[in-house]
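One letter stands for each residue in the lines below.
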Amino acid sequence: MENTTEKRRQELVKYFDPKGPFALLRVSQMKRAWQQPNRRELSFWENTYFPMLFSGIMLTSKHFFYNVTFHILHLFGLAKGIKGAVTYQYPEMPRPLSSRLRTRHRLTKREDGSPRCVACMMCETVCPARCIEITAAEHPDPNIEKYPAEFILDLGKCVYCGFCVEVCPEDAIRMDTKILNIAEYSRQSMIYNKKRLMDE
Amino acid sequence: MNDILIKFILSAGTLFIMFNIAGLLTWVERKQSAVMQDRIGANRASIFGFKAMGLFHALADVLKMLSKEEFIPAGANKFLFNLAPYLSVTFALVGFAAIPIGGELILNGHSIQLQAANLNIALIFIFAMMSMGVYGVVLAGFSSNNNYAFLGGMRGAAQMIAYEITMGAAIMGVIMVFNTLDLQALDVAQGAYMFGGWVPKWGVFVQPLAFFLFLTAATAETKRTPFDLPEGESEIIGYFVEYSGMKFGMFFLADLVETVLVAALMTTLFFGGWQVPYLHPNGFDFPWGGHIAMANLPVVILGVLSFFTKVAFFIWVLMAVRWTLPRFRYDQLMNLGWKILLPVSLINIAITAIVITLLR
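Procedures and definitions
Residues numbered from 1 in each chain as written. Chains lettered and ligands numbered in written order. Predicted model: local features only at pLDDT ≥ 70, side-chain atom pairs only at ≥ 80, totals over all residues. Heavy atoms only, no water. 1 Å grid on protein atoms, 1.4 Å probe; cavity = no way out; pocket = protein on both sides within 12 Å on 5 of 7 lines; lining within 4 Å. Points joined across faces, edges and corners; volume = space filled by probe spheres on them. Nonpolar A, V, L, I, M, F, W, Y, C, P; charged D, E, K, R; others polar. Contact = heavy atoms within 4.5 Å. Buried area = accessible area lost by both parts, 1.4 Å probe. Salt bridge = Lys/Arg side-chain N within 4 Å of Asp/Glu carboxyl O. Polar contact = N/O pair within 3.5 Å; in protein donor to acceptor, adjacent residues only side chain to side chain. Pairing = 2+ DSSP bridges. Helix = DSSP H or I, 4+ residues; strand = E, 2+ residues; numbered from the N terminus. Phe/Tyr/Trp six-rings, centres within 6.5 Å; stacked < 30°, edge-to-face > 60°. Buried < 20%, exposed > 50% of the residue type's maximum accessible area, 1.4 Å probe, protein only. Lys NZ or Arg CZ within 6 Å of the ring centre and 35° of its normal.

Caption draft 1: Here's a closer look at empty space enclosed by the protein. All names here are of chain A. Going through the model one piece at a time under the given rule, you end up with four cavities of 30 Å³ or more. Of the voids in this model, the largest cavity is the one considered here, and its volume is about 100 Å³. Taken together, 16 residues make up the lining of the largest cavity; nearest its centre are Cys117, Cys120, Cys123, Cys168 and Ala172. Within the lining of the largest cavity, the residues separate by chemical class into 15 nonpolar, no polar and one charged. Looking at the second largest cavity, the residues that line it are His105, Cys127, Pro128, Cys131, Ile132, Leu153, Cys158, Val159, Tyr160, Cys161, Gly162 and Cys164. Looking at side-chain class alone, the lining of the second largest cavity contains ten nonpolar, two polar and no charged residues.

Caption draft 2: View of the interface of chain A and chain B. The interface of chain A with chain B comprises 18 residues on the first partner and 16 residues on the second. At the boundary of chain A with chain B, total buried surface from both sides reaches about 1,600 Å², with 67% on carbon and sulfur atoms. Looking only at chain A, the three residues that lose the most surface to chain B are Tyr49, Phe64 and Gln89 of chain A, adding up to 32% of its buried area. The interface formed by chain A and chain B includes one salt bridge. As a salt-bridge pair, glutamate 92 of chain A and arginine 44 of chain B come within 3.3 Å of each other at their nearest N and O atoms. Counting the contacts that link chain A with chain B gives eight residue pairs in polar contact (both at pLDDT 80 or more).

Caption draft 3: Spatial organisation of the pairing of strand S1 (residues 104-107) of chain B. Residue and element names in this part refer to chain B. For S1 and strand S2 (residues 110-113), the ladder comprises four bridges, and the chain directions are antiparallel. Note on S2: the bridge partner recorded for leucine 107 is histidine 110. What sits between S1 and S2 in their antiparallel hairpin is a turn of two residues, with asparagine 108 showing a positive phi close to 55°.

Caption draft 4: A look at the packing of aromatic side chains. Per the counting criterion, the structure on display carries 31 aromatic pairs over all chains. On the basis of an interplanar angle of 15° and a centroid distance of 6.0 Å, the ring pair of phenylalanine 50 of chain A and phenylalanine 54 of chain A is categorised as stacked. Residue phenylalanine 50 of chain A and its partner phenylalanine 54 of chain A are both found in helix H4 (residues 50-75); the two are separated by four residues, about one turn of the helix. The class of phenylalanine 50 of chain A is partly exposed, set by a relative accessible area of 30%. Relative accessible area serves as the criterion here: at 43%, phenylalanine 54 of chain A is assigned to the partly exposed category. Ring centres 5.7 Å apart and planes at 20° place the aromatic pair tyrosine 193 of chain B and tyrosine 278 of chain B in the stacked group. Of this pair, tyrosine 193 of chain B sits in strand S3 (residues 193-194) while tyrosine 278 of chain B sits in the loop between helix H9 (245-270) and strand S5 (279-280); the two residues are 85 residues apart in sequence, bridging distant segments of the chain. Its end group placed over the ring of tyrosine 88 of chain A, lysine 83 of chain A keeps NZ or CZ at 4.5 Å from the ring centre. Here arginine 322 of chain B stacks its cationic end above the ring of tryptophan 323 of chain B, 4.3 Å away from the centre of that ring.

Given below as structure tokens:
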């Protein structure tokens, strides 16, 4: 091990020695790098910093005056449609969400308010994070075989892959609540039961 | 007695105005950078629901600074450590004494120059005070017993000395053209006109090269980006790394006060100070013929307004530069200072001398 490190070091010393056998190679490498189409010597005018300095200040000033104009117009209630900043003032003004965005789950209901879920266990099986736990029970209606006596979803484990939604044959679980701010004080309260998934 | 009272009011007024502008600059800096970068900027601090576009953030900052713990590191030289921020702020503020904020006001037959200290060597006085400012930086860096602070102090000393020379050499041209060191007399002299009365004889029109040299050197003198190597937030925190509470706040304030001082100096030296184009002591006198007679008081008020408008413009320019350009590398900084700016300023002096001799 020691020997290898020492060997490698000697190689490097040889490589970087300006009078060593690799000096010419390094010079040619540097020359090749220098000949890249986007690499060139700066002209005298460019070396004075002035062109880039002015174009940079032009760019920021353009943004400044454009935005200031619209901020002032907004003060007088004009041109509300054009924004002077790209900021979303988050808690008061949430960002628009895509309709396809996967957000917190909910269980859909039948007309009588009972869950649409038939406890087929497809979502529990497909879930890569294993965060769903269904307790099945026999449904009193002979047309429906089973119903979930309890439906536990641990959002602390969920990875929001959306497989449960994709796999559900009854359209019983959806991720379209647009709820993003799931923050709790304990892991225990991250675990949602059937009631919370259906009501909240 | 009357004279002393007038001087007292003038100096208190100047100090009050400049201090407030510098305090306001914390807000200006945050807002301007925000607007430049398509953001909104600080807007949350409120008093009874009034937000006033985030203006209260300046107040909140000061309160925060005052209520923080003041920490002195073990092994630091306590006396120098405590002295450094005061030196920084004091020498930055004293410079304003010699800057004329207005012309000659005649009140009850008294002639009052709107300038806190009517020195005949005002320019040298200001430069002396700006040079003394380097002691704040150096002492802060050396007394903190911290390697990074030491590095920052070294860089600050080297940089400020390098650019001080260019700054001095750049204004030599202006002094030679107007033949005075008295800033009030300099401003009065800039009220003359060139090219058949169309172009005012401002410093920037007679010494354009000196203006750019001075702008660069003065930006370096304020120790703000692109010349903020003594601070270098991302590598060494700089000469004030060990400071906390209001002592850090004083370094911060000294930075902003220096920005105002530099803006005021540029206005005074190169943009006619309190001069308004075509405004003479007895009213407007346009080169295309036409005269509006005015009393002394409105003329002086217009002059003061013009001075502060120009100062505000230069503060805007300095802020725009600070939020646009990235930092220089240290060798680039020294190259620019010693190999480009200094020779160019010397050439500028030589050319000015030749032209003045030929025109005589």
